[in-house]
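Next come the chains, spelled out residue by residue.
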Amino acid sequence: MPEEAHPNYYLDKLHDVRIIRYFFFFLLGGGGAVGPFLNLFLARQGLDGVRIGWILALGSFITLLAAPFWTRIHSENRRPLFYLQFSLLLSALISLILADQTAFLWLTLVYAIRVFFSAGHIPVADILALQITEGTGQEYGSVRWWGSFGWAAIVLVTGWIIQQTSLKSAFYLYAFFMIIVLFLLGQIRIPPIALPAANRGKTSGYLQLFGRIFRTPVLFGLSLMLLIIGVGNLGILQFETLFLDQLGAKESLIGIAGMVSSVVEIAGMPLADKLIRKKKPLFVLLISLAMNCFLRLLVYLFPSVFMIILARAAGGIAFSFYTVALIKCISIHTEAAETGMVLMFLTIVIPSFINILFTPVAGYIYDTAGPHNLYLISVAGYLIGYFVLRFFRKATSQQA
């Protein structure tokens, strides 16, 4: 809505900025109620690494199909927030059903349905944050900061609750927080406006999207880098929690390990905003890759619960730099009509593609070679990704 047609436009925008911050707190925090404990939950149902890998790979395949669907709805439908609320409600209800499953087949089926309804939450949340903060002087990092705060607080509490009750509690908490998020969306005063019909073709179609990415060196370089580090880091992302369990960490300590990064991100997100204002986003991305490479190497050389938690804490700065710089790169090098689909492709489709092809492989490596060797693979991935990104940074220095 034009500002001149809305006398309280700027005040409403500031109100919506506050709402989207609370939204990120409970959305990412609610995800933190389940995320750090999902693999542990599956392992406690008697599944080995390979079967866990197949479940996660199927979920990634569903995400590959569902994320573009939800992104298009948000960009093109006249009531995008209604459909986001609908998906939040269904993901909450299905999570309650998942908590009671024990058989491999039912775990796989219910998890896949849950993933379908939750696949668009993060990319749509990022798009919402960019739309709502536009014209307010607020940066994306100032919103994403609240997600890190929510993750830190809720993961810590969830770990303690699980230790006192059972792993099912994680799913109950997730459902509760998704209901809160659903109602928060109803408080937004200036909802997103659907794209004009003439622009809608820009948001759909993988062939068009691939062509756009291949023609833009920055986006192509980012895609290649994400593919390399995603493959290298997959085993750690999926099985580090189980490694902690093997090393003797209790559920509450696993909860602490899952939230320490987010505590550091509370300071790291504003720092990333400030650094990006002085340096270019690709430079900040390079710093994050170098930091992650060093931290993975430390855990490989000195494997212990303490070192994993220390690496995760320091990794909060690297993650902050990575997340804010990546979103900034995408928004700078895309038009408004295509930002959502490019964002979805880089942050959802590429990781999902990696999970589909390589999660069972990572599960096999975990079962046969042990989790320790997964860190060396991660080091190699970050190292190669760093040099790939440096190459494209030089080739596109005037654009970045």
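Fair warning: this is a prediction, and the values are worked out from it, not measured in the lab.

Moving on, we come to the overall build of the protein chain. Within the protein chain, the secondary structure is distributed over 15 helices and zero strands. Expected size for 400 residues packed as a compact globule is a radius of gyration near 21 Å; at 20 Å, the protein chain falls within 12% of this value. In terms of overall dimensions, the protein chain has C-alpha extents of about 60 × 45 × 40 Å along its principal axes. In the protein chain, which comprises 400 residues, the proportion classed as buried is 56%.

What describes two packed helices is the angle between their axes and the distance between those same axes. Contact pair helix α10 (residues 217–246) / helix α12 (residues 281–301): the axes reach a minimum separation of 13 Å and the direction vectors enclose 20°. One way to sum up the angle between α10 and α12 is to call them roughly parallel. The chirality of how α10 crosses α12 is left-handed. In this structure, α10 uses Leu222, Met225, Ile229, Asn233 and Ile236 to contact α12, whose residues at the interface are Leu282, Leu285, Leu289 and Arg296. When the residues that make up the contact of α10 with α12 are grouped by side-chain class, the tally is seven nonpolar, one polar and one charged.

Core analysis: the largest hydrophobic core is formed by 123 residues, its most contacted members being Phe23, Leu222 and Leu285. Looking at which element gives the most residues to this core, the answer is helix α13 (residues 305–332), with 13 residues. Setting aside chain neighbours within four positions, we find Leu285 in contact with Leu222, Met225, Tyr322, Ala325, Leu326, Cys329 and Leu389.

Definitions and limits used
- Residues numbered from 1 in each chain as written.
- Predicted model: local features only at pLDDT ≥ 70, side-chain atom pairs only at ≥ 80, totals over all residues.
- Heavy atoms only, no water.
- Helix = DSSP H or I, 4+ residues; strand = E, 2+ residues; numbered from the N terminus.
- Rg over C-alpha atoms; globule rule 2.2 N^0.38 Å.
- Buried < 20%, exposed > 50% of the residue type's maximum accessible area, 1.4 Å probe, protein only.
- Axes fitted to C-alpha atoms, helices over the stretch in contact; angles between N-to-C directions.
- Parallel < 35°, antiparallel > 145°, perpendicular 65-115°, else oblique.
- Left-handed = near helix turned anticlockwise from the far one by under 90°.
- Contact = heavy atoms within 4.5 Å.
- Nonpolar A, V, L, I, M, F, W, Y, C, P; charged D, E, K, R; others polar.
- Core = buried A, V, L, I, M, F, W, Y, C linked by side-chain atoms within 4.5 Å.

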